[in-house]
Amino acid sequence: MMNKGLFKNLFKEKKLRLSHPRLLIFQELSTAVSPLTPQELYHSLLKKKRRIGLTSIYRSLDLFESLEIVFKIMKGSNVKYKLCELEDHHHHIICKTCGHVVEFDFCDISKWSKKAMESTGYQVTDHQLNFYGFCKACKKVD
Ligand SMILES: [Zn+2]
Ligand SMILES: [Zn+2]
Ligand SMILES: [Zn+2]
């Protein structure tokens, strides 16, 4: 899991401003025992006398997501965020029953990415791809 030092380095590397709220949100997520909604983040920060606006929390989470620091778990209208276990580029597989997320670091879509560039003329810089299904515990056996 990404620690504070790596987190700071990443921001430096990407030439992004590491504001105090961003650091606080990161720290809150890294100590959380389970995924948090933006509202839960807001309240737990408030308990520590840190008032960070919900809009600013949403924006930071969006940024963290694009940097692959956090993963957004969506279940119905409920959105929760968890800190990623893996620091480098990776993908997620999500259980549709219990919502459990597993990360894996193999990625084999370079051919696909090349095809996307050729057919659209875009320069591909990154990608996101999630897998969904049922975990071992939730898998239906017949
Ligand atoms: Zn992840
Ligand atoms: Zn499951
Ligand atoms: Zn990939």
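It should be noted that the structure appears before, not after, this text.
My aim in this report is to walk through the structure given alongside it, one point at a time. None of these values were measured; they are calculated from a predicted model. (Residues numbered from 1 in each chain as written. Chains lettered and ligands numbered in written order. Predicted model: local features only at pLDDT ≥ 70, side-chain atom pairs only at ≥ 80, totals over all residues. Heavy atoms only, no water.)

Focus: the environment of Ile 69
Formally: Segments assigned H or I by DSSP are reported as helices when at least four residues long, segments assigned E as strands when at least two residues long, and all are numbered from the N terminus. Type-normalised accessible area, obtained with a 1.4 Å probe on protein chains alone, sets the label of each residue: buried when under 20%, exposed when over 50%, and partly exposed for intermediate values. Here, residues are in contact when the closest pair of their heavy atoms is within 4.5 Å.
Structurally, Ile 69 is set in the loop between helix 4 (54–66) and strand 1 (70–75). A relative accessible area of 2% places Ile 69 in the buried class. For the pair Ile 69 and Leu 86, spaced 17 residues apart in the sequence, the C-alpha separation amounts to 8.4 Å. The residues contacting Ile 69, other than those within four sequence positions of it, are Met 2, Phe 7, Leu 10, Phe 11, Phe 26, Phe 64, Lys 82, Leu 83 and Cys 84.

Some thoughts on the coordination of the zinc ion (ligand 1)
Selection criterion: Counted as donors are the N, O and S atoms within 2.8 Å of the metal, or 3.2 Å for Na, K and Ca, while water is not among the atoms, so some sites may look incomplete. Irregular is the default label, applied whenever a site is not tetrahedral (four donors, all angles between 85 and 135 degrees) and neither square planar nor octahedral (four or six donors, opposite donors over 155 degrees apart, all other angles between 65 and 115).
For the zinc ion (ligand 1), the full set of protein donor atoms is Cys 84 (SG), His 90 (NE2), His 92 (NE2) and Glu 103 (OE), and the range of their distances to it is 2.0 to 2.5 Å. Around the zinc ion (ligand 1) sit four donor atoms; with metal-centred angles ranging over 98 to 126 degrees, the donor geometry is tetrahedral. Look at where the donors of the zinc ion (ligand 1) fall in the sequence and you get C-x5-H-x1-H-x10-E.

Points about the nonpolar core
What counts here: By nonpolar core we mean a set of buried residues, namely Ala, Val, Leu, Ile, Met, Phe, Trp, Tyr and Cys, connected to one another through side-chain atoms within 4.5 Å.
In this structure, Phe 7, Ile 25, Leu 29, Ile 57, Phe 64 and Ile 69 are the most contacted members of the largest nonpolar core, which totals 23 residues. Within the residue set of this core, elements represented by two or more residues are helix 1 (4–13), helix 2 (20–31), helix 3 (38–47), helix 4 and strand 2 (78–83). Excluding residues that lie within four positions of it along the chain, Ile 57 makes contacts with Ile 25, Pro 38, Leu 41, Tyr 42, Leu 45 and Ile 52. The next biggest cluster of nonpolar side chains, apart from the first, holds five residues, and it includes Phe 71, Ile 73, Cys 84 and Ile 94.

Concerning helix 3
For helix 3, the set of buried residues is Pro 38, Leu 41, Tyr 42, Ser 44 and Leu 45. Buried residues along helix 3 sit against helix 2, helix 4 and strand 2. Lys 49 occupies a position one or two residues after helix 3 and carries a positive phi of about 65 degrees.

Some points on the coordination of the zinc ion (ligand 2)
At the metal site, the zinc ion (ligand 2) is ligated by Cys 95 (SG), Cys 98 (SG), Cys 135 (SG) and Cys 138 (SG), and these contacts range over 2.2 to 2.4 Å. Viewed at the metal, the four donor atoms of the zinc ion (ligand 2) are separated by angles of 99 to 116 degrees, and the geometry they form is tetrahedral. Read in sequence order, the donor residues for the zinc ion (ligand 2) give the motif C-x2-C-x36-C-x2-C. On the criterion of sequence distance, the pair formed by Cys 95 in strand 3 (residues 91–95) and Cys 135 in the segment after strand 5 (130–133) is long-range, its members being 40 residues apart. Of the residues examined, Cys 95 reaches a relative accessible area of 4% and is grouped as buried. Here Cys 135 falls in the partly exposed class, since its relative accessible area comes to 22%.

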